[in-house]
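Structural overview
So you can see what is in the structure, the chains are spelled out below.
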Amino acid sequence: MDLAIYDMDRTVTRRPTYTSFLLHCALRRAPWRLVFLPIVVGTMLAYVAKLITRARLKEINHSLLIGRAIHARDLKPLVDSFADAQVAGNIRPGARAAIARDKAEGRRIVMATASYRFYAAAIAERLGFDDVIGTGSVIGLDERLLARIEGENCYGHAKMRMVADWVDKSGLTGKHGHVRFYSDHVTDAPVFEWADEAVAVNPHGRLARLAAARGWAVEDWG
């Protein structure tokens, strides 16, 4: 089976979703948590200064704006309302067209994103994706989702490892056909290099230059 693998933030979506999701949860569930916003900004500066990792940044801000743990029954309405809002107003027109084209070609449509899988999956389902690869979360025995990442943050080289792991666990190793990959960011270079067909979507400067050097397709999805 041929595959079409999509990055999500700023590829399928116009705007990134991670911080928006945290704010959505805080506003709907516990507005008092917004007092932590100065600390959130501080953690972002710490990440830019390379004092903390991207994964640790996510864990801290998740804890601040959602809480250290949240039960699945309380999380679901937040995820559903956020996913509905993203699909209604934050999807690139070109992404919808590409998904329709890839489906018409009979491809298996996969989302591979650094965003948390638990909410990316809700967005992907609404858009007709078949599978989702994303940053996992630790789930306690009491069915509460913890502010801790399970495994790796699905970003950069880790995303390539997680895509390869998904291919293996799906029984597609040595069996899948042509792979088309879409992303807006140069950090996805490992997956671009692995794919049979690389498509740079609304690329920033570094990716635009790399795409030109490699002869990859460049598309404007609006």
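Below, the structure is looked at part by part. (Residues numbered from 1 in each chain as written. Predicted model: local features only at pLDDT ≥ 70, side-chain atom pairs only at ≥ 80, totals over all residues. Heavy atoms only, no water.)

1. Quick look at the pairing of strand β5 (residues 144-150)
- Sheet analysis places strand β2 (residues 69-71) next to β5, joined by three bridges and oriented antiparallel. Counterpart to H71 in the pairing with β5 is R144.
- As defined by bridge partners, strand β4 (residues 131-139) adjoins β5 across three bridges and the pair is classed as antiparallel. By the bridge assignment, I139 is partnered in β5 with L145.
- Count of turn residues in the β4/β5 antiparallel hairpin: four residues, of which E143 carries a positive phi of about 70 degrees. (Pairing = 2+ DSSP bridges. Helix = DSSP H or I, 4+ residues; strand = E, 2+ residues; numbered from the N terminus.)

2. What to know about the pattern of salt bridges
- Evaluation of the coordinates by the stated rule reveals 18 salt bridges.
- In this structure, E105 and R107 form a salt bridge, with 2.9 Å as the shortest nitrogen-oxygen distance.
- The class for E105 is partly exposed, based on a relative accessible area of 43%.
- Notably, a salt bridge pairs R144 with D142, separated by 2.9 Å at the nearest N-O pair.
- On the basis of relative accessible area, D142 is assigned to the partly exposed category, the value being 42%.
- Through salt bridges with shared partners, one network takes in R101, D102, E105, R107, R180 and E197. (Salt bridge = Lys/Arg side-chain N within 4 Å of Asp/Glu carboxyl O. Buried < 20%, exposed > 50% of the residue type's maximum accessible area, 1.4 Å probe, protein only.)

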